[in-house]
Amino acid sequence: MSATVVPATIEEKWRARTVPVDGGHLMWTGAPDMRWQGGRHKASHVAFTIRTGRQPVGYVRPDCGMRGCVLPEHVDDQPGRQRTRAQLRTLRGLGDRPALCAQGHHQDVHGRLDQYGKAYCNVCSAIAHANSVGTGHGRIGTRHHGADRWRVALDVQARYYAGGSIRGIALDIGRTYRYVYDLLVLTDTRLRPRGYHREFHATTPRRQA
Ligand SMILES: [Zn+2]
Ligand SMILES: [Zn+2]
């Protein structure tokens, strides 16, 4: 008899939608959000949970240089990336990271190390890059490009860290929720869990978008 295999676990369902590619990476072939038991789950988040056994904090990204890779060993969440950078600093004898760069950007969020172990500020670097290429790549919209976009993004981030809600900031600056959200992701902002202000949601954490 033929049987339709129903995945027993979220991991099983996830694995069935991945394909290994050259270089030891694993690419996701399913829809952006995987449905499981009434919830939606990002493939990268599931990958992170498979490796660590816990929910990620913030944005999950591959750190292997392969865009879209979901190999559990290649993805990390925001605290994980920050830890890795701190360890690299220690290994290279760089000592503790300064709190702020010369332009006043918070280095616990924006501090990076290049491939040679030299420390740099991600925002300063992005602004310099945007200025050098003119209009930038404009991933977010058509009104703000390059360095301009970074200025808006940093303003949005500051409002968010000051306690502003994404919806409130969006209203304030006359843009959409999605627009503000994308800027927060772009600047590696530590997002508060969904339903942060609603206690009855605090006990049933949902995935972060
Ligand atoms: Zn990879
Ligand atoms: Zn900076």
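This structure is a prediction, so every number in the text was calculated from the model and none was measured.

About the criteria used
- Residues numbered from 1 in each chain as written.
- Chains lettered and ligands numbered in written order.
- Predicted model: local features only at pLDDT ≥ 70, side-chain atom pairs only at ≥ 80, totals over all residues.
- Heavy atoms only, no water.
- Helix = DSSP H or I, 4+ residues; strand = E, 2+ residues; numbered from the N terminus.
- Contact = heavy atoms within 4.5 Å.
- Areas by Shrake-Rupley, 256 points an atom, 1.4 Å probe, with all protein chains shown as cover.
- Pairing = 2+ DSSP bridges.
- Expected span 1.5 Å × (residues − 1).
- Buried < 20%, exposed > 50% of the residue type's maximum accessible area, 1.4 Å probe, protein only.
- Polar contact = N/O pair within 3.5 Å; in protein donor to acceptor, adjacent residues only side chain to side chain.
- Donors = N, O, S within 2.8 Å, 3.2 Å for Na, K, Ca; no water.
- Tetrahedral: all angles 85-135°; square planar, octahedral: opposite > 155°, others 65-115°.
- Core = buried A, V, L, I, M, F, W, Y, C linked by side-chain atoms within 4.5 Å.
- Lys, Arg positive; Asp, Glu negative; His and termini not counted.
- Salt bridge = Lys/Arg side-chain N within 4 Å of Asp/Glu carboxyl O.
- pLDDT = per-residue confidence, 0-100.

Topic: the overall build of the protein chain
Reasoning step 1: From N to C terminus, the protein chain includes nine helices and eight strands.
Reasoning step 2: A separation of at least 24 residues holds for 45% of the contacts in the protein chain among residues at least 6 apart in sequence.
Reasoning step 3: Accessible area of the protein chain: about 12900 Å², with a carbon and sulfur share of 53%.

With respect to the pairing of strand β4 (residues 39–42)
Reasoning step 1: In the sheet, strand β3 (residues 33–36) pairs with β4 via four bridges, with the strands oriented antiparallel. Each bridged residue has a counterpart across the sheet, and for Arg35 the counterpart in β4 is Arg40.
Reasoning step 2: Hairpin connection of β3 to β4: two residues between the antiparallel strands, including Gln37 at a positive phi of 50 degrees.

Regarding helix α3 (residues 78–91)
Reasoning step 1: With 14 residues, α3 should cover 20 Å at 1.5 Å per step; its first-to-last C-alpha distance of 20 Å lies within 8% of that length.
Reasoning step 2: The complete set of buried residues in α3 reads Gln78, Gly80, Arg81, Gln82, Arg85 and Arg89.
Reasoning step 3: Where α3 is buried, its residues contact β5 (61–62), β6 (75–76), α4 (107–110), β7 (111–113) and β8 (119–121).
Reasoning step 4: For α3, the N-terminal capping position is held by Asp77, with its side-chain oxygen 3.0 Å away from the main-chain nitrogen of Gly80.
Reasoning step 5: Following α3 by one or two positions, Gly93 adopts a phi angle in the positive range, close to 65 degrees.

Side note on the pairing of strand β1 (residues 18–21)
Within a regular strand, side chains alternate between the sheet's two faces.
Reasoning step 1: Across four bridges, the pairing between β1 and strand β2 (residues 25–28) is antiparallel. Note on β2: the bridge partner recorded for Pro20 is Leu26.
Reasoning step 2: Where β1 folds back on β2, the antiparallel hairpin that results is connected by three residues, among which Gly23 adopts a positive phi of roughly 90 degrees.

Quick look at the coordination of the zinc ion (ligand 2)
Reasoning step 1: Of the protein atoms, only Cys101 (SG), His105 (ND1), Cys121 (SG) and Cys124 (SG) coordinate the zinc ion (ligand 2), at distances of 2.1 to 2.3 Å.
Reasoning step 2: If you look at the zinc ion (ligand 2), its four donor atoms make angles of 103 to 118 degrees with each other, and the shape they trace is tetrahedral.
Reasoning step 3: Read N to C, the donor residues that coordinate the zinc ion (ligand 2) are spaced as C-x3-H-x15-C-x2-C.
Reasoning step 4: According to the relative accessible area criterion, Cys101 is buried, its value standing at 15%.
Reasoning step 5: Judged by relative accessible area, which is 12%, His105 ranks as buried.

Re the nonpolar core
Reasoning step 1: Of all hydrophobic cores here, the largest spans 22 residues; its most connected members are Val156, Val180, Leu183 and Leu184.
Reasoning step 2: Elements represented by at least two residues in this core include exactly α5 (122–133), α6 (146–161), α7 (166–173) and α8 (177–186).
Reasoning step 3: Per element, the largest residue contribution to this core is seven residues, and it comes from α8.
Reasoning step 4: Listed in part, the 13 residues of the second largest apolar core include Val46, Phe48, Cys69 and Leu71.

Brief notes about the side chain of Lys13
Reasoning step 1: Topologically, Lys13 is positioned in helix α1 (residues 10–15).
Reasoning step 2: Of the side chains bearing the opposite charge, Glu12 lies closest to the buried Lys13, which forms no salt bridge; the N-O distance is 11 Å.
Reasoning step 3: Those residues within four positions of Lys13 in sequence are excluded, and the remaining contacts are Pro7, Met34, Arg35 and Trp36.

Brief notes about the coordination of the zinc ion (ligand 1)
Reference values for angles at a metal are 109.5 degrees in the four-donor tetrahedral case and 90 or 180 degrees in the six-donor octahedral case.
Reasoning step 1: Every protein donor of the zinc ion (ligand 1) is accounted for by His25 (ND1), Cys64 (SG), Cys69 (SG) and His74 (ND1), and the metal-donor separations fall at 2.1 to 2.3 Å.
Reasoning step 2: Taken together, the four donor atoms coordinating the zinc ion (ligand 1) and their angles of 103 to 119 degrees define a geometry best described as tetrahedral.
Reasoning step 3: Expressed as a motif, the donor residue spacing for the zinc ion (ligand 1) is H-x38-C-x4-C-x4-H. Residue His25 is found in strand β2, and its partner His74 is found in the loop between β5 and β6; the two are separated by 49 residues along the sequence.
Reasoning step 4: A residue is classified by how much of its surface remains accessible, and His25, at 13% relative accessible area, is buried.

Side note on the side chain of Gln107
Reasoning step 1: Structurally, Gln107 can be placed in helix α4.
Reasoning step 2: Of the residues examined, Gln107 reaches a relative accessible area of 4% and is grouped as buried.
Reasoning step 3: Among residues more than four places away in sequence, those in contact with Gln107 are Arg97, Pro98, Ala99, Leu100, Cys101, Tyr120 and Cys121.

Notes on the confidence of the model for the protein chain
Reasoning step 1: For the protein chain, the average pLDDT comes to 80, and 81% of its residues sit at 70 or higher.
Reasoning step 2: Counting contacts from residues 198–206, a segment whose pLDDT is below 50, to residues more than four positions away or on other chains yields one contact.

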